[in-house]
Amino acid sequence: GFEIEVSGREGTIFVAEGQTALDALRAAGIAVESSCEAGVCGTCRTRVLSGQLDHHDYILSTEERAGGNVFLPCVSRGCGRIVIDL
Ligand code: FES
C-alpha cells in the first residue's frame, strides 16, 4: 500500500493493496468525482504536489506522466507517500 496526504488537511490516508486511491479517499470522507473508474475518461484527474506515481491510466500524455503533477486515482497509485491537491 501507500499513503496519501491531502494538501491543507490533517492526517494521512492509507491505500491498501487491492484498494483504489479513489476508494480510500472516499472512505476518508473526501469526495472525488469519477465516471469510468477504469482510467479512460479523465473525470477523476487529480493534481499531485509531490511523491512518486505508479500510473495505470490510458489517457495521460508522456509529458504529463514525466511531469508527475497529475494522476488518475481510480486506477493509479503512489509509491510510499504522495501529496495531492483537491
Ligand atoms: Fe475515469 Fe478515473 S474515473 S479516469
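Further up the page is the structure itself.
This text gives an overview of the structure that appears in the document.

Conventions and cut-offs
- Residues numbered from 1 in each chain as written.
- Predicted model: local features only at pLDDT ≥ 70, side-chain atom pairs only at ≥ 80, totals over all residues.
- Heavy atoms only, no water.
- Core = buried A, V, L, I, M, F, W, Y, C linked by side-chain atoms within 4.5 Å.
- Buried < 20%, exposed > 50% of the residue type's maximum accessible area, 1.4 Å probe, protein only.
- Helix = DSSP H or I, 4+ residues; strand = E, 2+ residues; numbered from the N terminus.
- Contact = heavy atoms within 4.5 Å.
- Polar contact = N/O pair within 3.5 Å; in protein donor to acceptor, adjacent residues only side chain to side chain.
- Pairing = 2+ DSSP bridges.

### Focus on the nonpolar core
Of all hydrophobic cores here, the largest spans 21 residues; its most connected members are Ile 4, Val 6, Ile 13, Leu 25, Phe 71, Ile 82 and Ile 84. Per element, the largest residue contribution to this core is four residues, and it comes from helix H1 (residues 21-27). Apart from residues no more than four positions distant in its own chain, Ile 13 is found in contact with Phe 2, Glu 3, Ile 4, Val 6, Ala 24, Leu 25, Ala 28 and Ile 30.

### Here's the deal with the environment of Arg 77
Relative to the helices and strands, Arg 77 is located in strand S5 (residues 77-85). Each C-alpha atom, one on Arg 77 and one on Gly 1, is 8.7 Å from the other, the two residues being 76 residues apart in sequence. Leave out the neighbours within four places in its chain, and Arg 77 touches Phe 2, Val 15, Ala 16, Glu 17, Gly 18, Gln 19, Thr 20, Leu 53, Asp 54, His 56 and Phe 71. Here the side chain of Arg 77 touches Ala 16 through a polar contact of 3.0 Å, landing on its backbone oxygen.

### Brief notes about the pairing of strand S1 (residues 2-6)
The alternating pattern of S1 places Phe 2, Ile 4 and Val 6 on a buried face and Glu 3 and Glu 5 on a face that is not buried. Summarising the sheet, S1 and strand S2 (residues 13-15) pair through three bridges and their orientation is antiparallel. Each residue of the ladder has a partner; that of Ile 4, found in S2, is Ile 13. Taken together, the four bridges between S1 and S5 define a ladder with parallel strand orientation. Note that in S5 the partner of Ile 4 across the bridge is Ile 82.

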